Amino acid sequence: MRVLTILTFLVCFSTSLYAAEPPGYEADPFDDYALTDESLILDIEFPTAYTGEIGVLFNSSMIDEYSSHLGGLVDFTYFYYPTLAVNIGFGYVHGSLTPIVTDQQGIIGNKVQKCIDDKVGCDDASLKPYVPHYKQITGFANVSAIWAPLYGKLNLVSELDLNLQVYVLLGAGINGTQEQDVQYNDNVPERYTLSTEGGFFNEPKPHFTYGGGIKVFILDWMALRTEIRGIGFFDTFDMTARSYAESDDKNAEAYFAGYYFVNAGLSFTLF
Amino acid sequence: MNRVILTSLMLLVVPQLAYGQVASSEDASPALETATLSEENSESASQARTKFAEDESIYVVQERAYSKKKKFELTPLFFTAVNPKFVGYVGLSLSAAYHLRENFSLELMTSLPYAVFPFYSPIVYDVFYYEDLTPERVDLKQMTHFTGLSAQFSALYGKFEFYGVLLDYDLYATAGFGITLTKTPCTAKIGSSNASTGAGEGECEVTDQERRQLGFGLKTPDELADYLKFSAQLGGGLRMFFTERLGLRFEVRNIVYADRANYQGAVTTDIRNIMLLFVGATVLL
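Residues numbered from 1 in each chain as written. Chains lettered and ligands numbered in written order. Predicted model: local features only at pLDDT ≥ 70, side-chain atom pairs only at ≥ 80, totals over all residues.

A. Broad picture of the overall build of chain B. Helices and strands together make up the secondary structure of chain B, namely six helices and nine strands. Look at the contacts in chain B between residues 6 or more apart in sequence, and 63% of them connect residues 24 or more apart. (Helix = DSSP H or I, 4+ residues; strand = E, 2+ residues; numbered from the N terminus. Contact = placed C-beta atoms within 7 Å.)

The structure is reproduced here in structure tokens:
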């Protein structure tokens, strides 16, 4: 992840420097330079300056480790400059454990099988996976700065142009977390049941949010939006222990827990 | 004369349809601007109109700055895995493409020898340290090389405006097939100072670092079919040129193959989906 971050930074930085100088095209490969005096791209059909919009987005996690998430996000964006905006977002996601945890050959499946084989040590606490990054995100609220330096047009077919805007965002906020507990249960085929406690902002964590996306303008008042957004926060975990019974808060070390979401939906211009 | 009248009519009427909401009353349309050109400009405008009519096409995103047709494109690329569930990758590759048409090309892409660096993701270490578990053996196999021959279709193109600077780009989809080479986990040989297994189980030399980390090493699979895999490659990307010859390329490519690991007769299989993100500088020759 660190490599990817550095690479992204370098690419953005280097292309920004490069783009500061206009591209040096000399030829007219399609013989169409004389068609108009001014390129159509300079006609910003959907100017964003001083506009406010509300976005309604479906939210799904990606690159899942122990948990996957599905949910929704509502956000409000105000552009105080054509390329700069502030974004306030609220979302709720439902977390569920991935097959790495829940499969018969996964973490819980192995623990349950051990319980069945040994017939000892089958308390619920020992069935719960003891791994970092096990927490699930519940609700979140954040404020982000948006930088949308690229306004573009795409030639969808030869007579239809799509207007689009590419943006990156960086911000901070707060999110709730929860953990799934495991109970041994002889009455179900898989021999365990899962339960969670906590709601929207249970065990809140301050987080960073970062990402980027693309907005495709459809109508004057509506646009399609797709973005990839990371939510990362510092959590603690006792790396010296091997189970919850052995773990001690005094030995807990901080680590960075990153969750990545793909958001897709519509945004509606309010003013 | 008829041609000029016909062209003038087209310039007046067609942009209103094609440009749709672009041509507003206060923004003079290209046709109207052309109609008010001065005498010395009218000759070149007339030429433009003639070409316009001959071409019989109206390009909404016009004035494309570069052409790829009948050109070779050479691209060194850095890549990293997008979805490293158990195994992540970083490395270098090289792509050579020949553009048969403006929107169609054939491409050969290969990872560079000794420049693919696979690594296990944190989840492998976490479940090993805290839960005494390891993923199935097939999930621990690593891709060490890939080569693919693909067809690239680039139907969509456009422009970005970056603070007044125009950047041409085109989007493409790519599909093809190729081969990948793999390595499989192995336990330490009997008699080795790092032996971690009982008699009859050792397979390879394991370095001290490997021994400390996960307790196993990696080796070339014994069977050719487990080592060399035929793969399908699907992806899409964006290329953006800053001159007629130099640009940047971004691509996401999924390498799919049926993988298999055989450990002392216990066979595990999986369909591997290795999604790689490529970024590179590209040159049109």
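We are not done yet, so read on.
B. Structural context of the overall build of chain A. Across its full length, chain A holds four helices and ten strands. Counting helices and strands in the order they occur from the N terminus, chain A gives α-β-β-β-α-α-α-β-β-β-β-β-β-β. Across chain A, every contact between residues at least 6 apart in sequence was considered, and the portion connecting residues at least 24 apart equals 66%.

C. Main features of helix α4 (residues 122–131) of chain B. All of the buried residues in α4(B) are Ile123(B), Val124(B), Asp126(B) and Val127(B). Buried residues in α4(B), looked at end-on, bunch into an arc of 165°, giving them a common side. In this structure, the buried residues of α4(B) make contact with α2 (99–102) and α3 (107–118) of chain A together with β3 (104–120) of chain B. Just past α4(B), the residue Asp132(B) takes up positive phi, approximately 55°. (Buried ≥ 20, exposed ≤ 12 C-beta atoms within 10 Å, placed from the backbone. Arc of directions from axis to C-beta.)

D. Representation of the confidence of the model for chain B in the model. Residue and element names in this part refer to chain B. For chain B, per-residue confidence averages 78 on the pLDDT scale, and residues scoring 70 or more make up 73% of the total. pLDDT under 50 marks residues 9–53. Its contacts with residues more than four places away, or in other chains, come to 44 contacts. Low pLDDT (under 50) marks residues 194–200, which in the prediction has 16 contacts with non-local residues, meaning those over four places away or in another chain. Across the interfaces of the predicted complex, the ipTM metric reaches 0.79, alongside a pTM of 0.78. (pLDDT = per-residue confidence, 0-100.)

E. Just the nonpolar core, in detail. By size, the foremost hydrophobic cluster in this structure holds 16 residues, and its most contacted members are Tyr66(A), Ile100(A), Val101(A), Ile107(A), Ile108(A), Val131(A) and Val127(B). Of all the elements in the fold, those that place two or more residues in this core are α2 and α3 of chain A together with α4 of chain B. Excluding residues that lie within four positions of it along the chain, Val127(B) makes contacts with Ile107(A), Val131(A) and Leu133(B). If you look at the next biggest cluster of nonpolar residues, it comprises 14 residues, including Ile146(A), Tyr210(A), Leu167(B) and Tyr169(B). (Core = buried A, V, L, I, M, F, W, Y, C linked by C-beta atoms within 7 Å.)

F. Geometry of the environment of Asp235(A). Residue and element names in this part refer to chain A. Tracing the backbone shows Asp235 in strand β9 (residues 222–237). As for Asp235 and Lys205, which are separated by 30 residues in sequence, their C-alpha atoms are 8.1 Å apart. In contact with Asp235, other than residues within four places in its own chain, are Lys135, Lys205, Tyr255 and Ala257.

G. Region of interest: the pairing of strand β4 (residues 142–162) of chain B. All names here are of chain B. In this structure, β3 lies alongside β4, joined through seven bridges in antiparallel fashion. In the sheet register, Phe104 faces β4, and the bridge partner there is Phe153. Pairing analysis gives 18 bridges linking β4 to strand β5 (residues 165–186), with the strands arranged antiparallel. What sits directly across from Gln152, in β5, is Thr174. What sits between β4 and β5 in their antiparallel hairpin is a turn of two residues, with Tyr163 showing a positive phi close to 50°. (Pairing = 2+ DSSP bridges.)

H. Local environment of the environment of Ser96(A). Residue and element names in this part refer to chain A. With respect to the helices and strands, Ser96 occurs in strand β3 (residues 84–97). Between the C-alpha atom of Ser96 and that of Ser68, which follows or precedes it by 28 residues, the distance is 5.5 Å. If near-sequence neighbours (up to four positions away) are discounted, Ser96 is found in contact with Ser67 and Ser68.

I. Geometry of the environment of Ala175(B). All names here are of chain B. If you trace the backbone, Ala175 turns up in strand β5. Take Ala175: there are 15 C-beta atoms within 10 Å of it, and that puts it in the partly exposed class. With residues up to four places along the chain from it excluded, the contact list for Ala175 reads Ser150, Ala151 and Leu234.

J. Representation of α3(A). Taking 1.5 Å per residue as the helical rise, α3(A) with its twelve residues ought to reach 16 Å, and the 17 Å between its terminal C-alpha atoms agrees with that figure. Every buried residue of α3(A) is accounted for by Ile107(A), Ile108(A), Lys111(A) and Val112(A). Relative to the axis of α3(A), the buried residues are bounded by an arc of 125° and lie together on one face. Facing away from the buried surface of α3(A) by more than 90 degrees, the exposed residues are Ile116(A) and Asp117(A). As for α3(A), its buried residues are in contact with α2, α4 (124–127), β6 (180–184) and β7 (192–196) of chain A together with α4 of chain B. (Expected span 1.5 Å × (residues − 1).)

K. Main features of unusual backbone geometry. Even without glycine at this site, Ile63(A) takes up a positive phi of about 50°. Summarising the element assignment, Ile63(A) is placed in the loop between β1 (52–62) and β2 (67–81). Phi at Lys70(B) is positive, roughly 60°, even though this residue is not glycine. Mapped onto the elements of the fold, Lys70(B) is located in the loop between α3 (39–55) and β1 (72–81). Among the residues examined, Lys70(B) registers 10 C-beta atoms within 10 Å and is labelled exposed.

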